[in-house]
Amino acid sequence: MAIPQKVKIVEVGPRDGLQNEKEQVPTALKIELVNRLSAAGFPNVETTSFVSPKWVPQMADAADVMAGIERRANTIYSVLTPNLRGFEAALAAAADEIVIFGAASEAFSQKNINCSIAESIERFAPVAHAAKENGLRLRGSVSCSLGCPYQGEVPVASVVDVVERFAALGCDEIDIADTIGVGTPKRTKEVFAAVTQVFPRERLSGHFHDTYGQALANIYAALQDGIAIFHASVAGLGGCPYAKGATGNVATEDVLYLMDGLGIETGVDLAQVVGIGDFISTSIGRPNVSRAGKALLAKARSDQPRCA
Ligand code: HMG
Ligand code: MG
């Protein structure tokens, strides 16, 4: 199959990248990050989560973040909602896309959202219904699609099962998420081969964390199978509060460099994103783990004229 000529990059840094930060990131900084990302051309920015602040304190300012950002007409601002309470807050905050998030592993479902997979689907059903009634986009994220920190191996059939349940809830898009970054291209291909049997390929996305350094290889493998939506986090920020040792998503700069090299259109300006990666990692005192980002920053600095 020919690789897609155009790919949608969903920037998840403001949510997945920051949710694990122990120190509270100032709301104004989150707002500036979202504004800079939308200005760089991302068609979709995962902005925040309307979850329990007892579970994820960093996202407690979700309503303020949503109220403070400048909306761009061509940007979809997505938010995570685990239940109807989260949905109502998301609706009040004028989110464009509601993200429900389940897992292909029972153990992870319990740790992340405190219920079984089946219970989570029951809880998501009214959220999905309300999202549709209000004309909002609905996305479903399937954690642990390529492996689980508690259970280890996750059968492909379990991923397919959750994808089918999300499809039945009316999801417009479904994310195949490698929460702990253990997947390799072979497994990525096996999972996409199976899930594309039950949900349209063009509405499936790859959400790869980069713990084992496989994310770009997995993206390339998925591209070869015609997947054209990928999630990434600027500067590679992040980690999952319920997956110890898991690192951030694949760095956006690295994904953009890959796409540019393959001649794939994203509509996002790499140079601008490199600057944003530098800005956010410096602001919160985190290392910038984007290889392309660091290389391009070093190049830009060495290209600057020096005083004698
Ligand atoms: P629970 O403790 O079972 O439920 O949590 P609860 O109803 O007893 O709620 C606990 C407290 O939170 C209560 O407060 C509720 O009112 C409040 P109290 O009465 O004790 O004062 N509460 C809320 N507050 C604000 N907004 C809400 C909300 N709901 C309840 N929406 C629950 C169950 C699902 C709420 C909880 O487990 C939760 O919020 N989990 C979220 C976990 C999370 O955000 N994880 C990270 C995102 S997922 C992810 O990163 C994976 C992804 O990136 C893909 C991948 O890589 O795999 C998407
Ligand atoms: Mg994630």
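Everything numeric here is computed off the predicted structure, so don't read it as measured data.

A few words now on the sheet that holds strand S2 (residues 44-49). Two modes of strand pairing occur in sheets, parallel and antiparallel, and in both the strands are linked by backbone hydrogen bonds. One closed barrel holds the 8 strands; their spatial order is S1-S2-S3-S4-S5-S6-S7-S8, and the pairing between them is parallel. Strand-to-strand twist of the sheet, defined as the mean angle between neighbouring strand axes without regard to direction, takes the value 25°.

Relative to the assigned elements, Ser78 resides in strand S3 (residues 76-80). At a separation of 2.8 Å, a polar atom in the side chain of Ser78 contacts the side chain of Asn44.

Attention now goes to the coordination of the magnesium ion (ligand 2). Within the protein, the magnesium ion (ligand 2) binds to Asp16 (OD), His207 (NE2) and His209 (NE2); these donor distances fall in the range 2.1 to 2.3 Å. Positions of the donor residues of the magnesium ion (ligand 2), expressed as sequence spacing, correspond to D-x190-H-x1-H. Of this pair, Asp16 sits in helix H1 (residues 13-17) while His207 sits in strand S7 (residues 204-208), and the two are 191 residues apart along the sequence.

This next bit is on the pattern of salt bridges. By the definition in use, this model includes 19 salt bridges. The salt bridge involving Arg187 is made with Glu153; its shortest N-O contact spans 3.9 Å. Of this pair, Arg187 sits in helix H8 (residues 185-195) while Glu153 sits in the loop between strand S5 (137-143) and helix H7 (156-168), placing them 34 residues apart in sequence. Among the residues examined, Glu153 registers a relative accessible area of 62% and is labelled exposed. Across the salt bridge formed by Arg301 and Asp278, the nearest N and O atoms sit 3.0 Å from each other. Highlighted residues: Arg301 in helix H12 (residues 291-303) and Asp278 in helix H11 (residues 270-284), separated in sequence by 23 residues. Several salt bridges share partner residues, and in doing so they unite Lys8, Arg15, Asp16, Glu46, Glu97, Arg137, Arg139, Glu173 and Asp175 into one network.

Another aspect to go through is the pairing of S7. Counting buried positions over the 5 residues of S7 gives 5, a clear majority of the element. Here S7 shows no split at all, with Leu204, Gly206 and Phe208 on one side and Ser205 and His207 on the other all buried. In this structure, strand S6 (residues 173-178) lies alongside S7, joined through 5 bridges in parallel fashion. Across the sheet, the residue bridging to Ala177 is His207, located in S7. This β-α-β element, S6 to H8 to S7, shows right-handed connectivity. Sheet topology places S7 next to strand S8 (residues 229-232); 2 bridges connect them, and they run parallel.

In the region of ligand 1, 27 residues are neighbours, and Lys54, Arg85, Asn114, Ser143 and Thr179 sit closest. A distance of 3.2 Å separates a nitrogen atom of ligand 1 from a polar atom in the backbone of Val51. Within the contact set of ligand 1, a nitrogen atom lies 2.8 Å away from a side-chain nitrogen or oxygen of Asn112. Relative to its unbound accessible surface of 1100 Å², ligand 1 loses 76% to contact with the protein. Secondary-structure elements contributing two or more residues to the shell around ligand 1 are H1, helix H4 (84-92), helix H5 (106-113) and S5. Of the residues belonging to the shell around ligand 1, the class tally is 11 nonpolar, 11 polar and 5 charged.

Cut-offs used in this document
- Residues numbered from 1 in each chain as written.
- Chains lettered and ligands numbered in written order.
- Predicted model: local features only at pLDDT ≥ 70, side-chain atom pairs only at ≥ 80, totals over all residues.
- Heavy atoms only, no water.
- Pairing = 2+ DSSP bridges.
- Helix = DSSP H or I, 4+ residues; strand = E, 2+ residues; numbered from the N terminus.
- Axes fitted to C-alpha atoms, helices over the stretch in contact; angles between N-to-C directions.
- Polar contact = N/O pair within 3.5 Å; in protein donor to acceptor, adjacent residues only side chain to side chain.
- Donors = N, O, S within 2.8 Å, 3.2 Å for Na, K, Ca; no water.
- Salt bridge = Lys/Arg side-chain N within 4 Å of Asp/Glu carboxyl O.
- Buried < 20%, exposed > 50% of the residue type's maximum accessible area, 1.4 Å probe, protein only.
- Right-handed = clockwise from strand over helix to strand, strands pointing away.
- Near = heavy atom within 4 Å.
- Areas by Shrake-Rupley, 256 points an atom, 1.4 Å probe, with all protein chains shown as cover.
- Nonpolar A, V, L, I, M, F, W, Y, C, P; charged D, E, K, R; others polar.

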